[in-house]
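These are the residues of each chain, in order.
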Amino acid sequence: KTAAEAELSSQHHALTAENENLGRSLSALQQERDGLRKKLSNLEADRSEKINLERSHLDESESLKTMLTRAEEQSSQLQSKLDTTRDQIKAMEAEAANSSRIVESLSSGKAAAESSLSQLQAELDSRFEEHSRSSELVTTLQEECRQLRTQLEYSQASTNNLSEAER
């Protein structure tokens, strides 16, 4: 073989070795690339999952905010109703206190009226009793007057009879 052929053969071996090395390097790079692609795919899947989870959390947060707003509105309405009810209760209590004063005043007036009525009844009873005694006295006096008239008439008749007898 000639030196050129030997050189070519040597270069060929070197190129073949280098090609094999490059093939192994290429294979290693391809494996590394495939691993990196797989990692990237996993990272993208993780990222997509995290984005979906974040969206879900945002949706849940918005839903909670809406629920909170509604709850605050209901709380405000209930507070307003409570305030109105408290005002109504205060008005009713004031009305009840006023009614109690009126009842006390009426009770006091009733007691005074009953006392006056008792006094008037006692006075009426006393006057009725006095009237009864007066009526009895009048009846007695009328009877006595009748008796006295009868006696007077009898006396006058006797006196007239005596006067006529004396004549």
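Computed from a predicted structure; not experimentally measured. (Residues numbered from 1 in each chain as written. Predicted model: local features only at pLDDT ≥ 70, side-chain atom pairs only at ≥ 80, totals over all residues. Heavy atoms only, no water.)

A. How the structure looks around the overall build of the protein. Along the backbone of the protein there are 1 helix and 0 strands. Taking the principal axes of its C-alpha atoms as reference, the protein extends roughly 235 × 15 × 15 Å. For the protein, buried positions account for 0% of its 167 residues. A total accessible area of about 15200 Å² is found for the protein, and carbon and sulfur atoms account for 54% of it. Between the averaged position of the 21 positive side-chain charges in the protein and that of its 31 negative side-chain charges there is a distance of 10 Å. (Helix = DSSP H or I, 4+ residues; strand = E, 2+ residues; numbered from the N terminus. Buried < 20%, exposed > 50% of the residue type's maximum accessible area, 1.4 Å probe, protein only. Areas by Shrake-Rupley, 256 points an atom, 1.4 Å probe, with all protein chains shown as cover. Lys, Arg positive; Asp, Glu negative; His and termini not counted. Charge placed at Lys NZ, Arg CZ, Asp CG, Glu CD.)

B. Fine view of the pattern of salt bridges. Counted under the stated rule, the structure contains 7 salt bridges. Linking Asp-34 and Arg-33 is a salt bridge whose minimum nitrogen-to-oxygen distance equals 3.5 Å. Notably, a salt bridge pairs Arg-86 with Asp-83, separated by 3.9 Å at the nearest N-O pair. Placement of both Arg-86 and Asp-83 in helix H1 (residues 3-166) is noted, with a separation of 3 residues, approximately one turn of the helix. Overall, the relative accessible area of 34% leaves Asp-83 in the partly exposed class. (Salt bridge = Lys/Arg side-chain N within 4 Å of Asp/Glu carboxyl O.)

C. Geometry of the environment of Ala-112. Within the fold, Ala-112 resides in helix H1. According to the relative accessible area criterion, Ala-112 is partly exposed, its value standing at 41%. Taking the C-alpha atoms as reference points, Ala-112 and Asn-161, separated by 49 residues in sequence, lie 71 Å from one another.

D. Representation of the environment of Ser-99 within the structure. Within the secondary structure layout, Ser-99 lies in helix H1. Classification of Ser-99 as partly exposed rests on a relative accessible area of 37%. Separated by 94 residues in sequence, Ser-99 and Glu-5 place their C-alpha atoms 134 Å apart.

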